[in-house]
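# Breakdown of the fold
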Amino acid sequence: MRSIGEMARESGLGVSALRFYDRAGVLVPDQVDPVTGYRWYAPEQLGEARVLARLRRTGMPLADVRLVLAGWTAADTDLVRRLLEAHLRRLEEGLSAARVEFSALRDLLDDRENFPMTSLRSAARLSVSGPGLAGALDAVRFAAGTDPELPVLAGVHLDAEGDELHVVATDRYRMAVARTTAVGHGGGRVQATVPLPLADAMRALLDGEDEVRLAVDDGRVTLEAGDRQTGGRLLEPDFPDYRRLVRLPAGRRAEVDASAFTEAVRTGPVRLHEDGGAKSELTVLELSEDGRVTPVPEGADGPDLVAVNRAFLLDALAAAADDRLVLEFGAPTAPVAIRRPGDAHTFSLLMPVRLTD
């Protein structure tokens, strides 16, 4: 007999997936301890679980998965073969349809490039608080992208409008936004994305400077701090419209002691996750009715659990740099927001990781 953890390790199905298939009646444990609720699987169920893991990776609908496993157990190879071939046809048809849609989207992109909308990038010169800009860069730098396929995300985005300067970074899986004050601009919205090496060079000039001067002009950015200066070319592609991405519905909130919560995440339970060959550790969070948020072990179950990349969560907690932090939870599929109490303009968002089908 195998425990659910042993079955997960040997079959390729996660513990949460095994629980899901138990509830769905697809792979029911041979025995369940009436006292502890622990699931135990018979030796012959390992083969079924490995087949189920392969079917799951193909995205086969649950109804067909049931029939495949029934045919597999009954040695009805004709039924299994027909179901597999039917699913493969659906996948091929779906891929063909997706190619058509992507082709249409490329045509739309070509139209936008041939007849571009008015660019938001223009010339701007403004004075910015040195500590304010340093704090903003420190708050977002961790979220910048490193994917060579998406070079526009490998930078820090500056968004000046009126007397505010927003600083933004994202790698698709997390986003960080900070705001500081700016004077001397007073015009319309100006945006510029600074490559990471240049953003780091700018940050190095800010220590000990009360006020610095920032200039954006003709595809270049320049920062002057006292008698020191750095500058360079901006990234060319347009940065994503982050304002649309941060509009989240109201959710449940929990205020935590940053140091204690960070330690709980750092030393607490993790779940291993694999996506496309890349492995990572997840922290699964539970928000209780009394407003406490805690990492929960792999055995925990429930509809309100939210899983996030553990390293990303620790980065966000460190970047927030405050004694008290507020965590905001929406639906299990909505981003988790991490904010400083009383500061609505500096925050980070972490995309959750799906635990079950």
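The paragraphs below set out a description of the structure included in this document. (Residues numbered from 1 in each chain as written. Predicted model: local features only at pLDDT ≥ 70, side-chain atom pairs only at ≥ 80, totals over all residues. Heavy atoms only, no water.)

## Some points on the nonpolar core
By size, the foremost hydrophobic cluster in this structure holds 58 residues, and its most contacted members are Leu133, Leu165, Val167, Leu214 and Val293. The contacts of leucine 214, once residues within four sequence positions are left out, are Ala124, Arg125, Leu126, Val128, Leu158, Leu165, Met202, Val221, Thr222 and Leu223. (Core = buried A, V, L, I, M, F, W, Y, C linked by side-chain atoms within 4.5 Å. Buried < 20%, exposed > 50% of the residue type's maximum accessible area, 1.4 Å probe, protein only. Contact = heavy atoms within 4.5 Å.)

## Describing the sheet that holds strand β1 (residues 2-3)
Here we have three strands laid out as an open sheet, ordered β1-β3-β2, and antiparallel in their pairing. Lying at the two open borders of the sheet, with one neighbouring strand each, are β1 and β2 (31-32). (Pairing = 2+ DSSP bridges. Helix = DSSP H or I, 4+ residues; strand = E, 2+ residues; numbered from the N terminus.)

## Brief notes about a nonpolar patch on the surface
Together, Met1, Tyr38 and Trp40 give the surface a local cluster of nonpolar side chains, amounting to about 340 Å² of exposed area. Topologically, tyrosine 38 is positioned in the loop between β2 and β3 (39-41). (Patch = residues over 30% accessible without salt bridge, like charges linked within 9 Å, V, L, I, M, F, W, Y side chains within 5 Å. Areas by Shrake-Rupley, 256 points an atom, 1.4 Å probe, with all protein chains shown as cover. Salt bridge = Lys/Arg side-chain N within 4 Å of Asp/Glu carboxyl O.)

## Observations concerning the pairing of strand β11 (residues 228-233)
Examined bridge by bridge, strand β10 (residues 220-225) and β11 share six bridges and lie antiparallel to one another. Residue pairing across strands places glutamate 224 opposite glutamine 229, the latter belonging to β11. Hairpin connection of β10 to β11: two residues between the antiparallel strands, including glycine 226 at a positive phi of 65°.

## A few points about the packing of helix α1 (residues 4-11) against helix α3 (residues 45-58)
The geometry of α1 relative to α3 is characterised by a closest axis approach of 9 Å and an angle of 55° between their N-to-C directions. With respect to α3, the axis of α1 lies oblique. Pair α1 / α3 crosses with right-handed handedness. Seen from α1, the contacting residues are Met7, Glu10 and Ser11; seen from α3, they are Gln45, Leu46, Ala49, Arg50 and Ala53. Class assignment for the residues of the contact of α1 with α3 results in four nonpolar, two polar and two charged. (Axes fitted to C-alpha atoms, helices over the stretch in contact; angles between N-to-C directions. Parallel < 35°, antiparallel > 145°, perpendicular 65-115°, else oblique. Left-handed = near helix turned anticlockwise from the far one by under 90°. Nonpolar A, V, L, I, M, F, W, Y, C, P; charged D, E, K, R; others polar.)

## Section: the side chain of histidine 87
Mapped onto the fold, histidine 87 is located in helix α5 (residues 77-114). A polar side-chain atom of histidine 87 sits 3.4 Å from the main-chain amide nitrogen of methionine 60. If near-sequence neighbours (up to four positions away) are discounted, histidine 87 is found in contact with Thr58, Gly59, Met60 and Pro61. (Polar contact = N/O pair within 3.5 Å; in protein donor to acceptor, adjacent residues only side chain to side chain.)

## Let's talk about helix α7 (residues 196-204)
Turning to α7, its buried residues number three or more, namely Leu196, Leu198, Ala199, Met202 and Arg203. End-on view of α7: buried residues confined to an arc of 160°, all on one side of the axis. Every exposed residue of α7 that faces more than 90 degrees away from the buried side is listed here: Pro197 and Ala204. (Arc of directions from axis to C-beta.)

## Observations concerning the packing of α3 against helix α4 (residues 62-73)
Relative orientation of the contacting elements α3 and α4 amounts to 145°, with a least axis distance of 11 Å. Both α3 and α4 take part in a crossing whose hand is right-handed. Contact residues: α3 offers Glu48, Val51, Leu52 and Leu55, while α4 offers Val65, Val68, Leu69, Trp72 and Thr73. Classifying every residue of the contact of α3 with α4 by side-chain character gives seven nonpolar, one polar and one charged.

## Let's talk about the packing of aromatic side chains
For the structure on display, the rule yields one aromatic pair. The ring of phenylalanine 312 is capped by arginine 174, whose NZ or CZ atom sits 3.8 Å from the centre of that ring. Geometry around phenylalanine 347 places arginine 339 over its ring, the cationic atom sitting 4.6 Å from the centre. (Phe/Tyr/Trp six-rings, centres within 6.5 Å; stacked < 30°, edge-to-face > 60°. Lys NZ or Arg CZ within 6 Å of the ring centre and 35° of its normal.)

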